[in-house]
Amino acid sequence: MKKILWIALIATFITACSANKPYVIEETKTIGSLGSGATITVIDQRPSDDKKFSVGSFMVFKSDYGIMTLGDKGFSPALDELLRIRVHKAISTWEDQPNEIDIVLNKMIFQSNQQADLLQSSSTSAGIGPLGVLISETMHGKEFELDYDKTRPFIIGFVKATVELTFADNKKIKKDISVSKIENYSNYMDAKGREAAAISVANQVFDSFTENL
């Protein structure tokens, strides 16, 4: 039964994506209207699986059962463009603005994890192994210290990058930034709740990223 419902959930999500209805974070803005003239270069070194929408396994014994990667184009603006917009917007408030910003993007992925919710009432869940944070740690190679209810589905966002800022006097500042956020929603069939959580997590991730510049 859980497998059937998981397939139905995926079918619903794919239909929404194919109808060009990404999660709208904010209205698309041109870079020139954001108050910063810095040149931002993003060198995208992410695994290709981070960037595109994908569904997890239908097999309950697989580690990615019940986990969807939302993909860059699952949001509007797309996540890579949203990163540039938020960085431009953040530095526009600085008294001393950099001329150039180089961002080497090692990881940027947003996922909807319904695994615990799907498995908790399933007779086949016994012996599956630990859920929640440990699943995310295994998939992303990072120890997450985040407050959430691991018995309910959640959206998780994770960005890891090296950023180099170059100023007019040729001063350079280099930083390693790693940001992760997580938020629950009610149940795996709650499409509105999943959307609201995804938008909230995206906003929190990019706000935290720019605060660390």
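Anything mentioned here points back to the structure above.
Starting from 1, residues in each chain are numbered consecutively following that chain's sequence as written. Owing to the predicted nature of the model, reporting of local features is limited to residues with pLDDT of at least 70; listing and counting of side-chain atom pairs is limited to 80 or more, with chain, interface and lining totals taken over all residues. With hydrogens and water excluded, all non-hydrogen atoms of the structure serve as input to the side-chain values.

Chemist: Could you give an account of helix α6 (residues 191-211), naming the residues involved and the relevant values?
Modeler: The terminal C-alpha atoms of α6 lie 30 Å apart, and with 21 residues this matches the ideal 30 Å at 1.5 Å per residue to within 8%. Exposure is judged per residue with a 1.4 Å probe applied to protein chains only, and the accessible area is read against the type maximum: over 50% gives exposed, under 20% gives buried, and values in between give partly exposed. Put simply, DSSP marks the helices as runs of H or I at least four residues long and the strands as runs of E at least two long, and each gets a number from the N terminus on. Taken together, the buried positions of α6 are Gly193, Arg194, Ala197, Ala198, Val201, Ala202, Val205, Phe206, Ser208, Phe209 and Thr210. The span you would expect from a helix comes to 1.5 Å times its residue count less one.

Chemist: Got a sec to walk through the nonpolar core? Specific residues and values, please.
Modeler: Counting residues in hydrophobic clusters, the biggest one holds 34 residues, and the most contacted among them are Phe75, Val87, Ile101, Ile103, Phe110, Val163 and Phe209. Listed by contribution, the elements that provide at least two residues to this core are β2 (39-44), α3 (79-91), β5 (100-113), β6 (154-166), β7 (172-184) and α6. Here the element with the most residues in this core is α6; it accounts for seven residues. In this description, a nonpolar core means a group of buried Ala, Val, Leu, Ile, Met, Phe, Trp, Tyr and Cys residues linked to one another through side-chain atoms lying within 4.5 Å. Core analysis: the second largest hydrophobic core is formed by five residues, Val60, Tyr65, Leu118 and Tyr188 among them.

Chemist: Mind laying out the packing of α3 against α6, listing which residues take part and the relevant values?
Modeler: Packing of α3 against α6 brings their axes to within 10 Å, and their N-to-C directions diverge by 45°. Relative to α6, the element α3 lies oblique. At the point where α3 passes α6, the crossing takes the right-handed sense. The segment α3 lies against α6, with Leu79, Leu82, Leu83, Arg86, Val87 and Ala90 engaging Asn203, Phe206, Asp207, Phe209 and Thr210. Gly is placed with the polar residues, together with every amino acid not listed as nonpolar (Ala, Val, Leu, Ile, Met, Phe, Trp, Tyr, Cys and Pro) or charged (Asp, Glu, Lys and Arg). Split by residue class, the contact of α3 with α6 holds seven nonpolar, two polar and two charged. Axis definition: a line fit to C-alpha positions, over the contact stretch in the case of helices; interaxial angles, taken between N-to-C directions, run 0 to 180 degrees. The labels follow the angle: roughly parallel below 35 degrees, roughly antiparallel above 145, roughly perpendicular from 65 to 115, and oblique for the rest. Should the near helix be turned counterclockwise from the far one by less than a right angle, the crossing is left-handed, whereas a clockwise turn marks it as right-handed. We call two residues contacting when some pair of their heavy atoms lies within 4.5 Å.

Chemist: Could you give me a rundown of the packing of aromatic side chains, with the residues and numbers involved?
Modeler: A pair of aromatic rings is counted whenever rings of Phe, Tyr or Trp (Trp by its six-membered ring) have centres within 6.5 Å, and the orientation is called stacked for planes under 30 degrees apart, edge-to-face for over 60 and tilted otherwise. Under the definition given, this model contains three aromatic pairs. Between the aromatic rings of Tyr23 and Phe75, the centroid separation amounts to 5.8 Å while the plane-to-plane angle is 80°, which identifies the pairing as edge-to-face. Here Phe75 lies in strand β4 (residues 75-76) and Tyr23 lies in strand β1 (residues 23-24), a separation of 52 residues in the sequence. Both residues of the pair, Tyr23 and Phe75, belong to the buried class. Pairing Phe110 with Phe206 gives two aromatic rings, centres 6.2 Å apart and planes at 25°, and the pair type is stacked. Of this pair, Phe110 sits in strand β5 while Phe206 is found in helix α6, placing the two residues 96 residues apart along the sequence. Under the relative-accessibility criterion, Phe110 is labelled buried at 1%. Joined through ring pairs, the aromatic side chains of Tyr23, Phe75, Phe110 and Phe206 make up one cluster. Here the guanidinium or amino end of Lys171 rests over the ring plane of Phe167, the centre of that ring lying 4.9 Å away. To sit over a ring, a charge needs its Lys NZ or Arg CZ within 6 Å of the ring centre and within 35 degrees of the ring normal.

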